[in-house]
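# Understanding the architecture of this molecule
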Amino acid sequence: MEVSAKSELLSATMNLSTFISVMCEGSWTLSLEYDDQSDDWAKLDVTSGTGSKNGIMLTLSRNSAEARRTVTVVLSSAGLTDRCMVTQRAAGEESEDEG
């Protein structure tokens, strides 16, 4: 069982997305854990399924803060969990190629 992100460091640009992949046998759920008090800046377009799935979209709203922020995608299945962290750059922080 594994959850992974195509890009784990994203720019502060508005409504930027990356793709999440789930490798799992059986049913699973995805949830988000935030590194700060705000919990409305990241959204998953799929939060449950059965079997492996690619192309789950994680969309991040613009980061206007002067600090990076991190969201953790949590995969749960049959009492087990796996995590994948995605960090968004701070406003004004230069972006490198994020592939």
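Below you will find a few notes about this structure. (Residues numbered from 1 in each chain as written. Predicted model: local features only at pLDDT ≥ 70, side-chain atom pairs only at ≥ 80, totals over all residues. Heavy atoms only, no water.)

## Observations regarding the overall build of the protein chain
- On a plain count of helices and strands, the protein chain comes out with zero helices and nine strands.
- Moving toward the C terminus, one meets the helices and strands of the protein chain in the order β-β-β-β-β-β-β-β-β.
- Against the 2.2 N^0.38 benchmark of 13 Å for 99 residues, the protein chain shows a C-alpha radius of gyration of 14 Å, consistent with a compact globule.
- On the principal axes, the C-alpha backbone points of the protein chain span a range of 40 × 30 × 15 Å.
- Sorting the 99 residues of the protein chain into buried and exposed places 36% on the buried side. (Helix = DSSP H or I, 4+ residues; strand = E, 2+ residues; numbered from the N terminus. Rg over C-alpha atoms; globule rule 2.2 N^0.38 Å. Buried < 20%, exposed > 50% of the residue type's maximum accessible area, 1.4 Å probe, protein only.)

## Quick look at the sheet that holds strand 8 (residues 69-77)
- As summarised here, the arrangement of the five strands in space is 2-9-8-4-6, forming an open sheet in which the pairing is mixed. Each edge of the sheet is formed by a strand with only one pairing partner; in this case those strands are strand 2 (9-10) and strand 6 (48-50).
- Here nine bridges tie strand 8 to strand 9 (residues 80-88), and the two strands are oriented antiparallel to one another. Residue T70 lies in a different strand from strand 9, and its bridge partner there is T87. (Pairing = 2+ DSSP bridges.)

Function cannot be inferred from these measures alone, as they are strictly geometric.
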